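Inside the fold
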Amino acid sequence: MGAVVLLGTLDTKGAEYAFLRDRLLERGVEVLLVDAGINEPVGAQPDVGRDEVALAGGADVAALAAAGDRGAAVTAMAAGAEQVVKRLHEEGRLAGILALGGSGGTSIATRAMRALPVGVPKLMVSTVASGDTRPYVGAVDVTMMYSVVDIAGVNRVSARIMANAAGAIAGMVAATVPELAAKPLVGATMFGVTTPCVTRARERLEELGYEVLVFHATGAGGQSLEALVRDGFHAGVLDTTTTELADELVGGVLSAGPDRLEAAGEAGVPQVVSLGALDMVNFGPRETVPPQFEGRNLYVHNPTVTLMRTTPEECAELGREIGRKLSAAQGPTAVFVPLRGVSMIAVAGQPFHDDAADEALFSALRASLDDSIELNERDTDINDPELAVEMADRLHALIEAAR
């Protein structure tokens, strides 16, 4: 089965890691202790020392310690920890990974965790787990556990938290996955306002023999989709909900970064793309909307989510960007344009209905899309079940033709 790798800075957290190691050994779990500190370990002796970790990151641990630059040390040891952890996994010696830390230790350990494949158990006990964990989790399955108290000694609170963490990772590495039918995978993107479309398309693709992975287009969802495409998981992509591009352009809270909508094209993976939820930019509670957007068309979706309607100028830029990205695709690509609304609140009678903004989006897309890219315009809205089935069937045809 391999071992649980405990990765941490033993110069400051040695006693805590010794406690964790003992809890795992009590459960009969093999342990490998990797030291990512830069000074002499205290309280626990590692199986992989700090010299080896630093060297793997292209650094000298003595020089890092002498320099006294904590930021540089964290960066170097994180790079080395990533390489060491990847090697242990490739050698079949790593079954899962567990770490403790504050912001620095969390940065080191989660960089290593993000380098491991999806499905490898990854658990981070951290003082920063109650805040914004997106920089640490990235696009993979890192599990974050809030430490409640600082990682500073073994006391009645920290002992319980660490014992829970040891039990959790022990259960993860021992878990088995039931045998599932080997079906080709399709990745699909969905938002609340495109759920009817993606639900019907998923059902149709399942009828056609696919297993569909649906990604919530919350920034991290788009990143996860693209990461799995780059890792070769998907036979095709049904990218109906490209809303994250609007957040990246305008400054919303759900951006997936500037590379969104590029992975399938670069990998030559068949894709069917639509314009789902490009009528909106996402913010948090109403009071968090930046002051420069006061006076815009705002819609309180729920107490924690406020939506802002994209303008004709923003929509035109989104159309140009999508056209540019898809025109560079190396694989078969089809675009579907729902002329009567790109979300359930953009149709006639709903708060984000805006003919001028929609036409700016459609016109810019038409003008920027290369003639080699298939363009399908339909006189319906994104959530029409017939459109959903048509998109699913078209993706199936593109996948079959590419085989």
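Each remark here, short or long, concerns the structure printed above.
Reference entry: report on the structure contained in this document. (Residues numbered from 1 in each chain as written. Predicted model: local features only at pLDDT ≥ 70, side-chain atom pairs only at ≥ 80, totals over all residues. Heavy atoms only, no water.)

What follows is about the environment of K183. Secondary-structure assignment places K183 in the loop between helix 7 (156-174) and strand 6 (185-190). Each C-alpha atom, one on K183 and one on E211, is 5.8 Å from the other, the two residues being 28 residues apart in sequence. Beyond its immediate chain neighbours, meaning those up to four positions away, K183 contacts G209, Y210 and E211. (Helix = DSSP H or I, 4+ residues; strand = E, 2+ residues; numbered from the N terminus. Contact = heavy atoms within 4.5 Å.)

Moving on: the nonpolar core. Membership of the largest hydrophobic core comes to 64 residues, with the highest contact counts inside it found for L6, L7, L24 and L98. Of the residues forming this core, the biggest block, 9 residues, is contributed by helix 4 (residues 70-90). One finds L275, V281, F283 and A360 within the second-largest nonpolar core, a separate group that totals 29 residues. (Core = buried A, V, L, I, M, F, W, Y, C linked by side-chain atoms within 4.5 Å. Buried < 20%, exposed > 50% of the residue type's maximum accessible area, 1.4 Å probe, protein only.)

Here the focus is the packing of aromatic side chains. Summed over the entire model, instances satisfying the criterion amount to 2 aromatic pairs. Taking the centre distance of 5.5 Å and the plane angle of 40° together, the rings of F283 and F293 count as tilted. Remark: F293 occurs in the loop between strand 10 (280-283) and strand 11 (298-302) and F283 occurs in strand 10; sequence separation between them is 10 residues. F293 gets classed as buried once you look at its relative accessible area, which sits at 9%. Ring centres of Y299 and F352 lie 6.2 Å apart, and the angle between their planes is 65°; this geometry places the pair in the edge-to-face category. Here Y299 is found in strand 11, whereas its partner F352 is found in the loop between strand 13 (333-338) and helix 13 (355-368), with 53 residues between them in sequence. The ring of F19 carries the charged tip of R23 above its face, separated from the ring centre by 4.5 Å. (Phe/Tyr/Trp six-rings, centres within 6.5 Å; stacked < 30°, edge-to-face > 60°. Lys NZ or Arg CZ within 6 Å of the ring centre and 35° of its normal.)

Moving on: the sheet that holds strand 4 (residues 122-126). With parallel pairing, 5 strands are arranged side by side in an open sheet as 2-1-3-4-5. In the strand order of this sheet, the two ends are held by strand 2 (31-35) and strand 5 (143-146), each with one partner. Averaged over all pairs of adjacent strands, the angle between their axes in this sheet comes to 20°, without regard to strand direction. Looking at chain direction, strand 1 (residues 3-8) and strand 2 are connected through 5 bridges and run parallel. (Pairing = 2+ DSSP bridges. Axes fitted to C-alpha atoms, helices over the stretch in contact; angles between N-to-C directions.)

It is worth spelling out the pairing of strand 11 at this point. When a strand is regular, its side chains alternate between the sheet's two faces. Both strand 11 and strand 12 (residues 305-309) contribute to a ladder of 4 bridges, which runs antiparallel. For Y299, the partnering residue across the bridge sits in strand 12 and is L307. If you look at the hairpin formed by strand 11 and strand 12, you'll find 2 residues sitting between the two strands.

All right, on to the sheet that holds strand 8 (residues 234-239) then. Spatially, the 6 strands line up as an open sheet ordered 7-6-8-9-13-14, and their pairing is parallel. Every other strand in the sheet has two partners, leaving strand 7 (211-216) and strand 14 (374-378) as the edge strands with one partner each. Taking the axes of each pair of neighbouring strands and ignoring which way they run, one obtains an average angle of 20° across the sheet. Lying over the sheet, helix 9 (residues 220-230) contacts strand 6, strand 7 and strand 8, oriented at roughly 140° with respect to strand 7. Running over the sheet, helix 13 touches strand 13 and strand 14 and is turned about 155° from strand 13.

What follows is about helix 1 (residues 10-26). With 17 residues, helix 1 ought to run about 24 Å at 1.5 Å a step, yet its terminal C-alpha atoms sit only 21 Å apart, falling short of that. Within helix 1, the axis deviates most sharply at E16, by approximately 40°. Next to the buried residues of helix 1 lie strand 1, strand 2, strand 3 (94-101) and helix 7. Following helix 1 by one or two positions, G28 has its phi on the positive side, about 80°. (Expected span 1.5 Å × (residues − 1). Bend = angle between axes of the 7 residues up to and from the residue.)

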